[in-house]
Amino acid sequence: MMDWVLVSWGVCSRLIAATYFISFCSMSTQLLALAGKNGVTPVADVMERIRGDFPSLWARMRRFPNILWFTGGSDFMLTCLWRAGALCSVGLMFGSSQPWVSTVLKLVSQACLLSVDLALDLSYPWDCLLYEAGWLNVFLPHAVPLLGGGAWELSVSALPHPLLGWLFRMLLFRVMIGFGKIKFTGHSNRDNAYIKGFLIFQPIPSIFGWLGNKLPLPFHKVALAGMFFIEIVAPFLLFFPVYNARMVAAAHFIALMVGIQVRGNFGHFNVLTIGLSTPFLFDEGSLFDEWPTGSAVSLVCFHAFCWGILL
């Protein structure tokens with residue numbers, strides 16, 4: 001079973017990288033039109049105004065960590081950012097036999113995404129989720145080469161530290177319970193047809209979303225009850241010291257993400273959440289039942305320090 005645990009973490013790491021690739025490629029047709037020299041809001045003008053408010057480079061880097069402070073916000077550099085990020089993401093999906101190579105690729109892709117944030121204001125929930133998932137991914141053991149030994153190899157080189165497992169667990173919990181809170185806070189019986197409207201008014205509904213909207217109202221009420229379980233109840237199962245409970249929660253999260261993706265288009269959010277859920281399908285309790293020890297204090301402090309800077 002240990003092999004499946006390593007594979008599940010490898011799939012998680014590669015899906016985070018795939019999400020980065022999707023995100024960078026989606027920017028390719030938008031970046032110059034929105035933030036280029038002749039764009040709607042040129043990033044060079046934004047940077048100039050920030051320089052006026054924060055003359056110190058340290059102050060700017062602390063509040064707006066960005067490669068562009070060193071390279072300038074030209075169209076060429078904006079293009080280089082998304083291309084470099086996409087190439088690093090591809091490298092991470094294929095894996096590496098050298099840990100330092102994977103670490104460099106992870107840091108470069110994260111730096112590129114943070115730099116593009118100044119140009120595009122990537123502040124949607126799925127963007128923020130990608131930032132944190134990518135940061136945690138830096139500390140995961142490197143993914144072994146995808147085509148190693150002449151066969152597909154999806155695993156990571158070793159199990160992550162128990163603390164890192166807890167940080168991934170907390171991230172997934174916050175995501176699911178947060179979306180559930182948005183939906184069900186202030187909910188009343190008059191809102192039981194929420195899914196019926198959602199299926200047709202969501203971003204770019206598919207033919208399956210349109211067909212789902214035509215289903216009888218009792219179906220939508222049952223579906224809403226299922227969503228309540230998945231987004232409000234199931235996240236707490238992640239903390240149960242029973243492997244089957246965590247597996248049930250992860251399976252429901254993945255099923256929900258697949259269902260949402262089939263019926264509409266929420267970009268990379270579904271892919272990323274599936275990746276974060278994967279390790280909980282095969283953890284067998286060996287990693288997630290261990291509490292963080294004193295040896296992990298440095299990692300906790302470093303994580304808190306970095307996110308304190310970003311926030």
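Provided above is the structure to which this section pertains.
Every chain is numbered independently, its residues counted from 1 as its sequence is written. The predicted nature of this model means local features are confined to residues of pLDDT at least 70 and side-chain atom pairs, given and counted, to a pLDDT of 80 or more, with totals for whole chains, interfaces and linings taken over all residues. Hydrogens and waters are ignored; side-chain quantities use all the structure's heavy atoms.

Asks: Could you give me a rundown of the packing of aromatic side chains, with the residues and numbers involved?
Replies: Two rings from Phe, Tyr or Trp (for Trp, the six-membered ring) form a pair when their centres are within 6.5 Å of each other. A pair whose planes differ by under 30 degrees is stacked, one over 60 is edge-to-face, and the rest are tilted. Overall, the coordinates contain 12 aromatic pairs when judged by the stated rule. For the ring pair Trp166 and Phe239, a centre distance of 6.0 Å and an interplane angle of 40 degrees mean the geometry is tilted. Of this pair, Trp166 sits in helix H9 (residues 162–184) while Phe239 sits in the loop between helix H12 (217–237) and helix H13 (243–263), placing them 73 residues apart in sequence. Exposure remark for Trp166: the relative accessible area of 14% places this residue in the buried category. Only protein chains enter the accessibility calculation, which uses a 1.4 Å probe; a residue is then buried when its area is under 20% of its type maximum, exposed when over 50%, and partly exposed in between. Judged by relative accessible area, Phe239 falls into the partly exposed class, the value being 28%. Numbering of helices and strands runs from the N terminus; a helix is a DSSP stretch of H or I covering at least four residues, while a strand is a stretch of E covering at least two.

Asks: Lay out the layout of surface pockets in plain terms, naming residues and giving numbers.
Replies: Cavities and pockets were defined on a 1 Å grid built over protein atoms only: a cavity is a set of grid points that admits a 1.4 Å probe from which the probe cannot escape, a pocket is an open set flanked by protein on both sides within 12 Å along at least five of seven lines, and lining residues are those with an atom within 4 Å of any such point. Grid points are joined across faces, edges and corners, and a volume is the space filled by probe spheres set on the points. Size it by volume and the second largest pocket reaches roughly 460 Å³. Taken together, 19 residues make up the lining of the second largest pocket; nearest its centre are Ser26, Gln30, Tyr124, Trp126 and Asp127. Sorting the residues of the lining of the second largest pocket by element identifies helix H1 (2–27) and helix H8 (125–138) as the ones contributing at least two each. At 4 residues, H1 tops the list of elements feeding residues into the lining of the second largest pocket.

Asks: Talk me through a nonpolar patch on the surface; I want residue IDs and the actual numbers.
Replies: A contiguous nonpolar surface patch, about 560 Å² in accessible area, is contributed by Ile207, Phe208, Trp210, Leu211, Val258 and Val262. Elements that contribute at least two residues to the nonpolar patch include exactly helix H11 (207–213) and H13. A total of 4 residues in the nonpolar patch trace back to one element, the largest contributor, which is H11. Following the sequence through the fold, Ile207 ends up in helix H11. Patch criteria: residues need more than 30% relative accessible area and no salt bridge. Like-charged residues are merged within 9 Å; nonpolar side chains of Val, Leu, Ile, Met, Phe, Trp and Tyr are merged within 5 Å. Areas reported here follow the Shrake-Rupley algorithm with a probe of radius 1.4 Å; residue values treat only the protein chains shown as occluding. For salt bridges, the criterion is a side-chain nitrogen of Lys or Arg within 4 Å of an Asp or Glu carboxyl oxygen.

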